[in-house]
Amino acid sequence: MIEPVPAPSPPPARPGPEAPAVTAAKTVARGPRGEPVMRLRQVSVSFSGRAAVRDVSFDVRTAQITALIGPSGSGKTTLLRALNRMHDSERSASVTGTITLGDLDVNAASTDATLLRTRVGMVFQRPNPFPTMSIYENAVAGLRFNGVRKKSLLDESAESALTAAALWDSVRDRLKTRASTLSGGEQQRLCIARALAVEPEVLLMDEPTSALDPVATKRIEELVGELKDRVTIVIVTHNMQQAMRVSDQCAFLLMGADKAGELVEFGPTATLFSDPSDPRTLDYVNGRFG
Amino acid sequence: MASALAFDAPSDPMLERRRLIHEAARSSLRRRALTSRVAVGVCWLCLGIAIVPLVAVVAYVVAKGLPAWSADFFTHVTAPEGIPGGGVWNAIVGTAEIGLISTAVTVPLGLSCGLFLAQSEGKVAAAVRFTADVMTGVPSITIGIFGYIAIVKNFGYSGLAGAFSIGIVMLPVVIRAGETAFRSVPPSLQEAALALGARNAVIARRVVVPTALPGVITGVFLAVARGLGETAPLLLTIFGNQYMQWNPTKPMDALPLVIFNNSSQPYADLVQIAWGAALLLLAVVLMLNIAGRVAAAVLRREKR
């Protein structure tokens with residue numbers, strides 16, 4: 001966060017997790033909005049024995065957007081990557097505590113990480129479409145990786161995901177062209193489509209707009225809002241206005257005394273920004289530091 | 001997922017796709033896991049096969065060469081024909097002198113050239129880069145012949161002629177290693193210096209060279225190790241010398257030459273000397289590699 005933030009005007013009242021679906025703008029198409037879909041209990045991540053984020057507990061709720069905010073080094077991305085076991089490939093990393101997806105223990109040895117990731121997808125900071133694949137091939141890459149061969153299912157998924165990512169109309173006539181011909185913002189939307197095509201239940205987004213210009217950022221933010229009836233979203237952002245604009249609930253992390261990130265406050269976004277219970281949250285959302 | 005979303009209408013196409021895709025993922029999991037395991041297995045196998053000759057060479061040289069090592073081996077010069085014993089002291093001195101001379105000449109030359117290549121994108125740079133690349137691929141016997149024609153034909157056999165030939169082998173390696181190291185310096189650092197009003201020479205001296213130093217040192221040590229092991233350029237230039245010779249303007253002996261000459265002899269003790277020299281050369285190359293890495297690591301740590 002670089003630019004100072006004016007005192008935030010409280011965003012329009014959103015339903016808190018306790019009062020789901022009362023003022024929901026859209027009909028809830030899928031699942032009871034507000035039910036916990038992922039539960040984090042005392043989650044800590046450490047690298048080579050040194051804690052990067054410690055004892056985080058909160059619930060990710062269905063069809064809601066959960067934002068992880070906090071200054072650099074507070075462990076937002078580290079925490080996010082624990083949710084679909086992206087730390088598996090980092091030898092020095094260890095995740096403790098419990099993370100559950102529905103009834104599934106995410107970190108259990110019996111849980112297959114590849115299957116888990118078909119249920120918990122991810123979009124990264126920088127657009128990373130596969131450069132050798134066409135737009136269409138990128139969109140269905142996740143399906144192909146998972147053994148889907150049926151053409152009708154591939155086509156249907158590609159169209160649905162590209163439509164959901166607000167990309168279908170502009171690329172439907174050039175699905176066979178290389179993904180690298182798209183602009184940065186389009187590439188990121190293709191990456192979102194690619195993640196959506198697998199139809200995950202939860203989509204993790206790691207600062208998805210940090211490499212984009214303001215116009216492209218606005219489009220992605222609008223998209224995130226539209227997607228929440230389709231998939232539950234957890235988004236990392238260091239942009240507080242972004243968190244305020246897009247999220248329903250918010251987790252504020254801060255680097256503790258021993259450099260490990262800690263959860264300072266968690267709650268409905270409106271409350272966190274207008275009436276936080278922790279003075280550090282108040283300072284942060286008012287732009288006094290960070 | 002079943003628990004949270006079970007009540008949804010099954011007609012929802014999105015949920016139907018989710019069911020189909022996750023079903024496909026689950027049912028193909030066993031096959032994919034197996035494929036993955038086979039692929040990893042094949043990689044391990046190939047790694048094993050690739051490593052066999054490397055390990056075999058080292059093991060063989062150690063096994064054959066170690067018995068040759070003795071105090072005499074390191075301190076005595078070549079024994080006269082027919083007399084057992086003798087050592088390679090004369091060859092050690094020759095290799096050391098030739099190595100030092102060629103390093104002293106090629107390192108400043110090569111690094112300056114590498115710095116130029118790293119900073120320049122022009123046609124000259126492209127031509128030099130291409131030449132250096134071709135030079136690294138030139139068979140070393142060709143360089144030996146060149147040394148023979150250019151130096152030996154005019155001034156006779158000498159250690160200097162050998163150092164000249166070895167230098168030609170080392171030069172392109174130093175140039176390219178230097179360029180790679182200098183190129184790894186982030187352009188943003190150079191821009192920062194530019195924006196402070198620094199001239200190119202100052203940027204090179206105060207920013208580029210210090211930042212690239214660990215990489216440069218590793219590259220130089222590797223180039224020296226490469227040069228010391230070259231045999232063909234020496235064959236035609238230093239002639240060999242059974243006696244102690246400190247003067248590099250005279251014919252000298254060198255370790256690669258000892259290996260080459262002695263290994264084809266019918267006498268067991270001479271072959272033994274060749275194995276010992278081979279092991280010594282291997283040890284020197286190993287030491288240079290380790291020294292290069294350690295020096296670079298120490299420099300990097302000091303900067304932090």
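Please read all numbers here as calculations on a predicted model, not as lab measurements. (Residues numbered from 1 in each chain as written. Chains lettered and ligands numbered in written order. Predicted model: local features only at pLDDT ≥ 70, side-chain atom pairs only at ≥ 80, totals over all residues.)

### Section: the overall build of chain B
Threshold: Per the convention used, a helix needs a DSSP run of H or I reaching at least four residues, while a strand needs a run of E reaching at least two, with both numbered from the N terminus. Within these notes, the globule rule equals 2.2 Å times the number of residues to the 0.38 power, and the radius of gyration is based on C-alpha atoms. Once C-beta atoms are placed from the backbone, each residue is buried if 20 or more other C-beta atoms lie within 10 Å of its own, exposed if 12 or fewer, and partly exposed for counts between those two. Residues are treated as contacting if the C-beta atoms built from their backbones sit within 7 Å of each other.
Of the regular secondary structure elements, chain B holds 13 helices and zero strands. Sequence-ordered secondary structure for chain B, helices as α and strands as β, is α-α-α-α-α-α-α-α-α-α-α-α-α. Taken against the 2.2 N^0.38 rule, which gives 19 Å for 304 residues, the C-alpha radius of gyration of chain B at 28 Å runs more than 25% over that of a compact globule. C-alpha extents for chain B along the principal axes are approximately 100 × 60 × 35 Å. Within chain B, the proportion of its 304 residues that are buried is 36%. When contacts within chain B are restricted to residue pairs at least 6 apart in sequence, those whose partners lie at least 24 apart make up 74%.

### Brief notes about the overall build of chain A
Check the secondary structure of chain A and you find 11 helices and 10 strands. Counting every position in chain A, which comprises 290 residues, the buried fraction comes to 50%. Considering only residue pairs separated by 6 or more positions, chain A has 69% of its internal contacts joining residues 24 or more positions apart.

### As for the sheet that holds strand E1 (residues 36–47) of chain A
What links the strands of a sheet is backbone hydrogen bonding, and the strands pair in either a parallel or an antiparallel sense. All names here are of chain A. Note the cut-off: At least two bridges found by DSSP between two strands are what make those strands a pair. Axis lines are fitted to C-alpha atoms, over the contacting stretch for helices. Their N-to-C directions set the angle, which ranges from 0 to 180 degrees.
Strand order in the open sheet formed by 10 strands is E5-E4-E1-E2-E10-E9-E3-E8-E7-E6, with mixed pairing between adjacent strands. Looking at strand neighbours, the two that pair on one side only are strand E5 (104–105) and strand E6 (120–123), the edges of this open sheet. With seven bridges joining them, strand E9 (residues 249–255) and strand E10 (residues 261–268) adopt antiparallel strand pairing. Residue pairing in the sheet places Phe-252 in a bridge with Glu-265 of E10. Lying over the sheet, helix H7 (residues 184–197) contacts E6 and strand E7 (202–206), oriented at roughly 170 degrees with respect to E6.

### Looking at the confidence of the model for chain A
For any part of a model where pLDDT is low, the fine detail of the predicted coordinates should not be relied upon. All names here are of chain A. Test applied: As a per-residue quantity, pLDDT reports the predictor's confidence and falls between 0 and 100.
Scored by pLDDT, chain A has a mean of 88; 89% of the residues are at 70 or more. Taking the mean pLDDT of every element in chain A, the minimum, 91, falls on helix H11 (residues 279–285) and the maximum, 97, on E7. Taken as a whole, residues 7–29 scores under 50 in pLDDT and shows 38 contacts with residues more than four places along the chain or in a different chain.

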